[in-house]
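Here's the letter readout for the chains.
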Amino acid sequence: MCGIIGYVGEREALCVLLGGLRRLEYRGYDSAGVALQEKGRIVVVRKVGKIGVLEQELAGKTFTSRCGIGHTRWATHGVPADHNAHPHTDCRKTLALVHNGIIENYRALRERLLAEGHRFLSETDSEVVAHLLEGDGSPLERILRTLPLLEGSYALCILFAEEPGVLYGVRQFSPLILGIGDGEYFLASDVPAFLEYTRKAVFLEDGEIVRVSKDGWEVFHRTGEKCSKTVFTVPWDPVSAERGGFKHFMLKEIHEQPRVFEDTIAGRVNLARGEVEFEELEDFPLDFSRVVAVACGTACHAGMLGKLYLEDFVHVPVDVEYASEFRYRDPLLDEKTLVLAISQSGETADTLRAVELAKQKGARILAVCNVLGSSLTRLADWTVYTRAGIEIGVASTKAFLAQMTVLLLFGLFWGKRKGTLPPGTMESLLEEMPTLPRKMRTLLSREEDIHVLAREFYLFKDFLYLGRGLYYPLALEGALKLKEISYIHAEGLAAGEMKHGPIALIEPDVASFVLVGQGERRLKVLGNIEEIKARRGKVIALCDEGDGEVRGKADYVVEIPKTLEVFSPLLAIVPLQLFAYYVALEKGCDVDQPRNLAKSVTVE
Ligand code: F6R
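Report on the accompanying structure. Owing to the predicted nature of the structure, the values given are computational and were not obtained by experimental measurement.

What counts as what
Residues numbered from 1 in each chain as written. Predicted model: local features only at pLDDT ≥ 70, side-chain atom pairs only at ≥ 80, totals over all residues. Heavy atoms only, no water. Near = heavy atom within 4 Å. Polar contact = N/O pair within 3.5 Å; in protein donor to acceptor, adjacent residues only side chain to side chain. Areas by Shrake-Rupley, 256 points an atom, 1.4 Å probe, with all protein chains shown as cover. Helix = DSSP H or I, 4+ residues; strand = E, 2+ residues; numbered from the N terminus. Nonpolar A, V, L, I, M, F, W, Y, C, P; charged D, E, K, R; others polar. Pairing = 2+ DSSP bridges. 1 Å grid on protein atoms, 1.4 Å probe; cavity = no way out; pocket = protein on both sides within 12 Å on 5 of 7 lines; lining within 4 Å. Points joined across faces, edges and corners; volume = space filled by probe spheres on them. Axes fitted to C-alpha atoms, helices over the stretch in contact; angles between N-to-C directions. Contact = heavy atoms within 4.5 Å. Buried < 20%, exposed > 50% of the residue type's maximum accessible area, 1.4 Å probe, protein only. Arc of directions from axis to C-beta.

## Some remarks on the site of the ligand
Neighbouring residues of the ligand: 14 residues in total, closest Ser343, Gln344, Ser345, Thr348 and Glu484. At 3.2 Å from an oxygen atom of the ligand is found a main-chain nitrogen or oxygen belonging to Thr298. The separation between an oxygen atom of the ligand and a polar main-chain atom of Ser396 is 2.9 Å. Protein chains bury 87% of the 400 Å² of accessible surface belonging to the ligand in isolation. Residue assignment for the shell around the ligand shows that the elements contributing at least two residues are α8 (297–314) and α16 (471–486). Split into classes, the residues belonging to the shell around the ligand amount to five nonpolar, seven polar and two charged.

Written out as structure tokens, the structure reads:
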């Protein structure tokens, strides 16, 4: 949840650190700080507030250091305040460190250190690590001695005054990546922090320590033994970490969706052979008796849609669980269970712990993930990458589209091989699929209509999102998008559940966004609209183009181009995301950095 950056090389470290922090700000933004090795001593500057506040604090000060660390914080232990911001130092300021994660046994460690005479300046769990690192021995020896004392998750980046021009990084259950430039190196919690300088990266494993100077890098296991590592080239383009003329990353990412869809199906859909192929799944056994999808938030909504695709195409029962619930149960799993772990970041702590539990119980893991080399992909037996590119907006948009796309393709792939796909399905779907990017672009070109609609609704305090079938997960997702960026209370509901309670909420100042699907459910949802209107509730209805009946019933209508029912969520999501975006914009909310949230919940 916090962002970490470290730099060593020939450039002015401060400039690299601040640029990196700006790119990491989506991971946390309640305070930020840097530590630099300046003329033999460590200088720390840290401020509560966004990076801009830190920049103001640093303005006019000159630093020449070529080596430093930086941090942007999402508070867990200790309120957002200058003294709780990272970097933290030991009593004598012989070292400085930044931390992402939670040191679970910090209270006991702190008590012990206080009794030994250490003086603490913050209420954070992280500061204990700085104090534990004091003492005799080389910096590496001190790190090796300290790690066994720590329980919990941590990515650390550490500077020692006695070793100028050297950085240490440590990883345990929290991501840390080494970026390898030409005579310069970066340590970061996330690739975008250094993508401007290099695409070459080494992904540290749990229990590894990296020592970096401008002359090179070496990785050690926590036993002290050296490890050999593979250098990867990250397939992301540095421009993708920029806003590219859009007011917000979220809006840019919504607009990228036609391209994301094309990238995600590229090489996987063979129109000539009428096949869906996944080269990553060559040895995928077809005989799993059951699937359990585990994920959090938006990724879980994709899993709910995936359930409908898989049950239809593969005839395999699918349960969908919030990873945060699943991991604390004693779930019934065996080697015939496929656990489908869906995650944009591949670093969500609950999803990772759920996968570890499933592995212990003998299940096999298929990850649907967006980030190359992330922790999830290293735990999984198979990984299918969503090719959404870097997602920076805290509200997930294009990654959701890519997850839905992968799950649909996976259903077709598995169903075809298993022989459960209804005849003609593959052919008709593959015929329609290439038209979807154009239809998404049509929806994006109507953005201003959605903006106008948002102006009508941004003062509402309560929203219901209603859908059935494939549109039920979308109703949940539409509501999540609205609440997380506009702070308006919104509930996603299975429309058929209305009568069983939620209808009591309907009154003139409650808005309902009703997703009208196709087929037999359409009439049922039209009935829901009637029920809401009869109670003088306001209705925005999303329906297929040209559905005059819906127009006659709802107060406002958002149309989506006609497509096959299975694809309709891939189109309907676009206006739902745009609506949430423009409502938040009209309310003056900080769309890319919504309050209390951060991208990638790597802590529990
Ligand atoms: C909502 C959102 C979150 C994430 C969730 C899982 O817009 O972004 O609900 O979907 O935290 O994150 P990943 O997919 O990285 O595991």
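## Focus on the sheet that holds strand β6 (residues 95–103)
Overall, antiparallel pairing links the seven strands, which are arranged β5-β6-β7-β8-β12-β13-β14 in an open sheet. At either margin of the open sheet sits one strand with a lone partner, and together these are β5 (88–89) and β14 (226–227). Where β5 lies against β6, two bridges are found, and the strand directions are antiparallel. If you follow Thr89 over to β6, its bridge partner there is Ala96.

## Details of the layout of surface pockets
In this approach a probe as big as a water molecule rolls over the atoms, and the regions it shows empty are the leftover space. Of the pockets and cavities examined, the second largest pocket occupies roughly 350 Å³. Looking at the second largest pocket, it is lined by 16 residues, and the ones nearest its centre are Arg22, Glu25, Arg243, Phe249 and Gln593. Considering only residue class, the lining of the second largest pocket consists of four nonpolar, three polar and nine charged.

## Topic: the sheet that holds strand β22 (residues 382–385)
The strands making up a sheet are joined through hydrogen bonds of the backbone, oriented either antiparallel or parallel. Overall, parallel pairing links the five strands, which are arranged β19-β18-β20-β21-β22 in an open sheet. Lying at the two open borders of the sheet, with one neighbouring strand each, are β19 (318–322) and β22. With strand direction ignored, the average angle separating the axes of adjacent strands in the sheet is 20°. Taken together, the four bridges between strand β21 (residues 364–369) and β22 define a ladder with parallel strand orientation. The residue bridging Val368 from the neighbouring strand is Val384, located in β22. Across the face of the sheet, helix α12 (residues 398–418) comes into contact with β18 (290–295), β20 (337–343), β21 and β22 while running at roughly 155° to β20.

## Considering helix α3 (residues 106–115)
Residues of α3 that are buried: Tyr106, Leu109, Arg110 and Leu113. Each buried residue of α3 lies within a common arc of 100° when the element is viewed along its axis, so the set occupies one face. Exposed side chains of α3 directed beyond 90 degrees from the buried face belong to Arg107, Ala108, Glu111 and Ala115. Immediately downstream of α3, the backbone of Gly117 shows phi near 105°, a positive value.

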